[in-house]
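Spelled out from the first residue to the last, the chains are:
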Amino acid sequence: MLVLGLFLAYKVGRMAVDGRISAAFDDATFVWRLERALRLPDEADLQHLLLSADALVRAANAFYAVVHFPATVAFLIFMYWFRPEHYIRFRRILAWLTAAGLVIHFAFPLAPPRMLGGIGLIDTAAVYGPSVYGPPQTDTLSNQYAAMPSLHVGWALVVAAGLIHATNTRWRWLWLAHPILTMLVVAGTANHYWLDGVVAAVLVGILLIATSRTEHLSPKVPIQLRRESPQTVRVTKLT
């Protein structure tokens, strides 16, 4: 029911932005100029690196298309079965993050860099494949003017934070590679700006702090039955 509700809200967001396409492109120009004023790396430089090898850009497109949702589902299943004491907290974080993202999508429609002409970027998925989007004018399944925040990056951060928090191995910090790689992919394929990932990271940080005192569900411990050895009963004669 939670996922269905968020999906329906996302569909409403797609319809709500139909009359605000001009605003989405104005906001895209603003974000692009703000990034240059902040001296953030140029997304075009990263994309040129991906374009240096056909296999590399196709791998980045495939990562964007197929890793995001299955990785998050696998994370939730793992937490539910093996770390139930942490499951509720991180499920709530994902839900609140998605809800906050939908609110921002309504308030700040943003065309992704692949749609913004004159900045030296191309739609790598459309050119090299695989592509998950159709033409924006006819695509009714997704809101393509909802670049900020990047839920790809936000969900990847929640997955990494949850696995780092719920495991004890000294290698657990390597899970940070997931959101880092996701950020590089979404920026290099021109699906998101750097600031989309920054805003997602800020939201995740706020939610992690806000839920840090939340009571977790206690894991269910199986009851073990044990046969007791017969005990000798002493009868004392009262005099």
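Owing to the predicted nature of the structure, the values given are computational and were not obtained by experimental measurement. (Residues numbered from 1 in each chain as written. Predicted model: local features only at pLDDT ≥ 70, side-chain atom pairs only at ≥ 80, totals over all residues. Heavy atoms only, no water.)

### Section: the nonpolar core
Stated formally: In this description, a nonpolar core means a group of buried Ala, Val, Leu, Ile, Met, Phe, Trp, Tyr and Cys residues linked to one another through side-chain atoms lying within 4.5 Å. Only protein chains enter the accessibility calculation, which uses a 1.4 Å probe. A residue is then buried if its area is under 20% of the maximum for its type, exposed if over 50%, and partly exposed in between. Starting at the N terminus, helices and strands are each numbered in turn, a helix being any DSSP run of H or I of at least four residues and a strand any DSSP run of E of at least two.
Residues Phe-75, Met-79, Phe-90, Leu-97 and Val-158 are the most contacted members of the largest nonpolar core, which totals 18 residues. Secondary structure elements with two or more residues in this core: helix H5 (68-82), helix H6 (84-107), helix H8 (151-166) and helix H10 (194-210). Ranked by the residues each element gives to this core, the list is headed by H8, at seven residues. In this structure, Leu-110, Leu-116, Met-148 and Leu-195 belong to the second largest nonpolar core, which totals 17 residues.

### Overview of the packing of H8 against H10
Just so we agree on the cut-off: Angles run from 0 to 180 degrees between N-to-C directions of axes, and those axes are lines fitted to C-alpha atoms, restricted for helices to the stretch in contact. Note on angle classes: values under 35 degrees are labelled roughly parallel, values over 145 roughly antiparallel, values of 65 to 115 roughly perpendicular, and the remainder oblique. Handedness of a crossing follows from how the near helix is turned relative to the far one, being left-handed for an anticlockwise turn of less than a right angle and right-handed for a clockwise one. By the convention used here, residues are in contact when the closest approach between their heavy atoms is within 4.5 Å. Gly is placed with the polar residues, together with every amino acid not listed as nonpolar (Ala, Val, Leu, Ile, Met, Phe, Trp, Tyr, Cys and Pro) or charged (Asp, Glu, Lys and Arg).
Between H8 and H10, whose axes approach to 8 Å, the crossing angle comes to 40°. Considered as vectors, H8 and H10 are oriented oblique to each other. You can see that H8 and H10 cross each other, and the crossing is right-handed. Across the interface between the two elements, Val-153, Gly-154, Leu-157, Val-158 and Ala-161 from H8 touch Gly-197, Ala-200, Ala-201, Val-204 and Leu-208 from H10. Across the contact of H8 with H10, the residue classes break down as eight nonpolar, two polar and no charged.

### Some details on helix H2 (residues 21-37)
For clarity, the cut-off: The span one expects for a helix is its residue count, reduced by one, times 1.5 Å. In this context, the arc is that of the directions from the helix axis out to the C-beta atoms.
Across its 17 residues, H2 extends 24 Å between first and last C-alpha, which sits within 8% of the 24 Å expected from 1.5 Å per residue. Those residues of H2 that fall on the buried side of the exposure criterion are Ala-24, Asp-27, Ala-28, Val-31, Trp-32 and Glu-35. For H2, the angular spread of buried residues about the axis comes to 140°, placing them on one side. Projecting away from the buried face of H2 at angles above 90 degrees are the exposed residues Ser-22, Asp-26, Arg-33 and Ala-37. Next to the buried residues of H2 lie helix H3 (43-50) and H10. Backbone geometry just after H2 places Arg-39 at a positive phi near 60°.

### Points about the packing of H5 against H6
The packing of two helices is summarised by the inter-axis angle and the distance between the axes. Running from amino to carboxyl end, H5 crosses H6 at an angle of 150°, the nearest separation of the two axes being 6 Å. Between H5 and H6 lies a crossing whose hand is left-handed. Contact residues: H5 offers Thr-72, Phe-75, Leu-76, Met-79, Tyr-80, Trp-81 and Phe-82, while H6 offers Pro-84, His-86, Tyr-87, Phe-90, Arg-91 and Leu-94. Broken down by class, the residue content of the contact of H5 with H6 amounts to ten nonpolar, two polar and one charged.

### Observations regarding the pattern of salt bridges
We count it as follows: Salt bridges are defined as contacts in which a side-chain nitrogen from Lys or Arg sits within 4 Å of a carboxyl oxygen from Asp or Glu.
On inspection of all chains with the given rule, the structure shows four salt bridges. The salt bridge involving Glu-43 is made with Arg-36; its shortest N-O contact spans 3.6 Å. For Glu-43, a relative accessible area of 0% puts it in the buried group. Exposure remark for Arg-36: the relative accessible area of 27% places this residue in the partly exposed category. Each of the salt bridges in this network shares a partner with another, and the network as a whole consists of Glu-35, Arg-36 and Glu-43.

### Some remarks on H3
Rules: Whenever two N or O atoms come within 3.5 Å, that pair is a polar contact, provided that in protein one can donate a hydrogen and the other can accept it, and provided that, for residues adjacent in sequence, both atoms are side-chain atoms.
Of the residues making up H3, those classed as buried are Glu-43, Ala-44, Leu-46, Gln-47 and Leu-50. Along the long axis of H3, the arc covered by the buried residues comes to 160°, so they all point the same way. Exposed and oriented more than 90 degrees from the buried face of H3 are Asp-45 and Leu-49. Those residues of H3 hidden inside the fold are in contact with H2, helix H4 (54-66), helix H7 (124-128), helix H9 (177-188) and H10. Measuring from the backbone nitrogen of Ala-44 back to the side-chain oxygen at the start of H3 gives 2.8 Å, which picks out Asp-42 as the cap.

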